[in-house]
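# Working through the structure, step by step
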Amino acid sequence: MTNLGGFHDHVARVDLSEGDVAYEGVDDDDARKYIGARGLGVKYVFDQGTDVDPLGPDNLLAFMNGPLTGSQTTMSGRIAVCTKSPLTGTVTDSHHGGWSGARLKWAGFDGLLFEGKADKPVYAYIEDGEVELRDASHMWGYGVHETRDELEDELDGEYGKNLSMMAIGPGGENQVKYANIVNEDDRASGRGGTGAVMGSKNLKAVVVKSSTKMPKPADPETFKQGHKQAMEVIRESDVTAPNEGGLSLYGTNVLMNATEEMDGLPTRNGRYTSTESEATESPSEPNIDSEKVSGENVRENILVDEPTCHSCPVACKKEVEVDVTHKGEDMNVRMESYEYESAWALGPNSMNDDRDKVAVMIDLCNDLGIDTIDSGNMLAMAMEASEKGYIDEGIDWGDAEAMIDMLEKIGHRDGDLADTLAEGAEGVADALDAHDCRLDVKGQTMAAYDPRCMKGMGIAYATSNRGACHLRAYTPSAEILGLPEKVDPIEWEGKAELSATFQDMHAISDSFDICKFNAFAEGIEEYVLQYNGMTGRDVSEKELKKAGERIWTLERYYNNLVGFDGSDDSLPDRFVEGHEDAVPGQGGVEGSLVELDQMKEAYYEHRGWVDGVVPDEKLDELDIDVGPGTGVSAGDSAAPADD
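Chains are numbered independently. Their residues run from 1 in the order of the written sequence. Totals for whole chains, interfaces and linings use every residue, but because this is a predicted model, local features are given only for residues with pLDDT of at least 70 and side-chain atom pairs only at 80 or more, for both listing and counting. Note that water and hydrogens are dropped before the side-chain values are worked out from all heavy atoms of the structure.

## Points about the sheet that holds strand β13 (residues 303-305)
One open sheet holds the three strands; their spatial order is β13-β14-β15, and the pairing between them is antiparallel. Edge strands, defined here as strands with exactly one partner in the open sheet, are β13 and β15 (329-335). Strand-to-strand twist of the sheet, defined as the mean angle between neighbouring strand axes without regard to direction, takes the value 30°. Note on pairing: DSSP must find at least two bridges between two strands before they are called paired. Each helix is a run of DSSP H or I of at least 4 residues and each strand a run of E of at least 2, with the numbering of both proceeding from the N terminus. In terms of strand pairing, β13 meets strand β14 (residues 319-326) through two bridges, oriented antiparallel. Fitted lines through C-alpha atoms give the axes, limited to the stretch in contact for helices. The angle between two N-to-C directions lies from 0 to 180 degrees.

Structure, rendered in structure tokens:
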């Protein structure tokens, strides 16, 4: 058990197969070494064992809070969902904001651990430190929005006041490999297929009913100092300043125009680096205007509200309302929120600039419970595969009507093509022999930052422990925004070390669990003060950074044990220097390609790894106990399982 501040020392272990709920404390050593949320959740998943089927009953699905979740800490409304990914086969964690994380903490929990598979659909009801499993058969087949309405009526609660819900839609029920978990206000644990794992367990929803009882810091004076300092830098930042900074005014989609202007916007399934590139100016390759789906355009034309998550002054969420006609029928859609990554994947990367229909597609993905990034990228992959003749009756570039229809079919696995696209990039490539159309790393597709323009994202995508991801190491902070300092985006030297630094820092913030937007203003000094103030510890900056490295390394070690090594730290062929299918950047980054081999060599040297594998001495250095269930000890080799 642990007596650290910020913890209730209360975790529910739910055996869905038996319908049993047991309660346990949090191991104090683990709480100190892995912080909480992501770090502690990954440790639970690791201890469950690496040799599990992601969609089998033995896989663990962990909903985890951190020591700062639900507190006065700025942007502390997040929750981590940790499991073995059905999309990638790696360990994964996926986070969402809103209020469900805070309410789970207020209801008395540090985490919920689900294992097994229920005989019939159920939902977990949480209140006052107790978990109860209830029948959800009547909601199986419902979209997320209808599930939300049904549960609000059934539980006599009110979202936004005392009730939160985390649910799956048809995508999770049908085990779409990139299905997600969505809370009541359309915040999504979007990546890695956490919703498919939830569906495989017949778990429809996790519902929390609670009052507002913020955790009290163990050292109030230190916490107060850290909180005050954090608020000051957030208010002073050009990116996060409330009602002034870019995020506050335009949300994440402030980046659409900025990335386009620097020729870093992957377009036409990553074929080009800009929608305005001269390379796209031909009758057979339609041009679009990415400004139509930008944050500025959205704010001016379709914005209706700016709600916020727990304890957040930035209010980056941009709620929109649109009226569209689809297949001759008028539709009104109001949804939250028009995010950059979603707008890019369903917009420019698919050669679509219909702002309002992009909103419809984002809302549809949320209701189906499927990741907007992978969904959009699957459509773009299908469009390129159609163009190349891999699909007989495919999808044309920018056909918004067909895109809406295909998303609906993917969520229900309705039809051969939709069923194939539901398998993710690797499954599509294998089924269609379309490997030259892939835009993924380790099975998960990349985000809205072109590595030919931002070399830091190149090594970050390649080495991400959960597949291609912009949030493992958000190097655009330095490459676009100049935070903490400006670096040349197309220079590769120094980017391995930059990526590793961001990876460790984000492992810390994900384990607190606070929003990554804090990192646009705060640094390790503010992190240490708030963490020490809440927990009552007295860790140094060096010790906290070591915890971030420990979390990152445990994740990599898990992946080593299931068969991943340096050969899997790759990028799509079209981006990589020396590859025969490479497509150099255009416009301001004309001729640029990613020097991946050089960056990987520098990265492994910096990490102290051998060709992507964690050696025993690194485990010892970071005091990583591999725990039960793996069949190995820290003294054994971490060589890939298929060696």
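Here the narrative resumes, following the displayed structure.
## Some details on the packing of aromatic side chains
A pair of Phe, Tyr and Trp rings is counted when the ring centres sit within 6.5 Å of each other, with Trp represented by its six-membered ring. The angle between the planes then sorts it: under 30 degrees is stacked, over 60 is edge-to-face, the rest tilted. Per the counting criterion, the structure on display carries 12 aromatic pairs. With centroids separated by 5.6 Å and ring planes inclined at 85°, the aromatic side chains of Y449 and Y474 adopt a geometry described as edge-to-face. Here the residue Y449 occupies a position in the loop between β17 (444-445) and α17 (455-463), and Y474 occupies one in the loop between α17 and α18 (476-479), the gap between them amounting to 25 residues. Each member of the pair, Y449 as well as Y474, is classed as buried. Relative to F520, the ring of Y474 has its centre 5.9 Å away and its plane inclined at 75°; by these criteria the two rings are edge-to-face. Here the residue Y474 occupies a position in the loop between α17 and α18, and F520 occupies one in the loop between α19 (495-512) and α20 (524-535), the gap between them amounting to 46 residues. Relative accessible area serves as the criterion here: at 8%, Y474 is assigned to the buried category. The class of F520 is buried, set by a relative accessible area of 9%. Ring pairs connect the aromatic residues Y340, Y449, Y474, F517 and F520, which therefore count as one cluster. Residue placement shows R134 over the ring face of Y125; its charged tip is 4.1 Å from the ring centre. Relative accessibility under 20% of the residue-type maximum defines a buried residue, over 50% an exposed one, and the middle range a partly exposed one, all with a 1.4 Å probe and only protein chains included. Only lysine NZ and arginine CZ atoms are considered, and such an atom sits over a ring when it is within 6 Å of the ring centre and within 35 degrees of the ring normal.

## Here's the deal with the side chain of K177
Tracing the backbone shows K177 in the loop between α5 (170-173) and β10 (181-183). Classification of K177 by relative accessible area gives buried; the value is 18%. Side-chain atoms alone can form a polar contact between residues adjacent in sequence; in general such a contact is a pair of N or O atoms within 3.5 Å, and within protein one must be able to donate a hydrogen while the other accepts it. Within polar-contact distance, the side chain of K177 engages the side chain of E423 at 2.9 Å. Here a residue-residue contact requires only that any non-hydrogen atoms of the pair lie within 4.5 Å. Every residue in contact with K177, bar those within four places of it in the chain, is listed here: L55, P86, L87, G192, G193, R413, A422 and E423.

## A closer look at the nonpolar core
Only buried residues count toward a nonpolar core, which is a set of Ala, Val, Leu, Ile, Met, Phe, Trp, Tyr and Cys residues joined through side-chain atoms within 4.5 Å. If you look at the biggest cluster of nonpolar residues, it comprises 150 residues, and the most contacted ones within it are Y338, I410, Y449, Y461, F512 and L544. Formed by 25 residues, the second largest nonpolar core is a distinct cluster that contains L61, F114, A124 and I126.

## Concerning the side chain of R38
When you line up the elements, R38 lands in helix α2 (residues 37-48). Taking relative accessible area as the criterion, R38 reaches 0% and is therefore assigned buried. Not counting residues up to four positions away in its chain, the partners in contact with R38 are A80, C82, D93, H95, R472, H506, A507, D510, S511, I551, W552 and E555.

## Re the pairing of strand β9 (residues 163-167)
Residues in a regular strand point their side chains to alternate faces of the sheet. Counting buried positions over the five residues of β9 gives five, a clear majority of the element. Here β9 shows a buried face lined by L163, M165 and A167 and a second buried face lined by S164 and M166. Note: β9 against strand β12 (residues 203-209), five bridges, orientation antiparallel. Its bridge partner lying in β12, M166 is registered against V206. By the bridge criterion, two bridges tie β9 to β10 in an arrangement that is antiparallel.

## A closer look at the environment of C365
You can see C365 is positioned in helix α12 (residues 355-368). Between the C-alpha atoms of C365 and K542, which are 177 residues apart in sequence, the distance is 41 Å. The residues touching C365, leaving out its near neighbours within four places in the chain, are I370, T372, S375 and L407.

## Focus: the pattern of salt bridges
Salt bridges are defined by distance alone: a side-chain nitrogen of Lys or Arg within 4 Å of a carboxyl oxygen of Asp or Glu. With the rule as written, the count across this model stands at 47 salt bridges. The residue E555 makes a salt bridge to R38 at a minimum N-O spacing of 2.8 Å. Here the residue E555 occupies a position in helix α21 (residues 541-561), and R38 occupies one in helix α2, the gap between them amounting to 517 residues. Judged by its relative accessible area of 2%, E555 falls in the buried class. Linking R148 and D149 is a salt bridge whose minimum nitrogen-to-oxygen distance equals 3.7 Å. Among the ionic contacts, a cluster of salt bridges with common partners joins R38, D93, R472, D510, K516 and E555.

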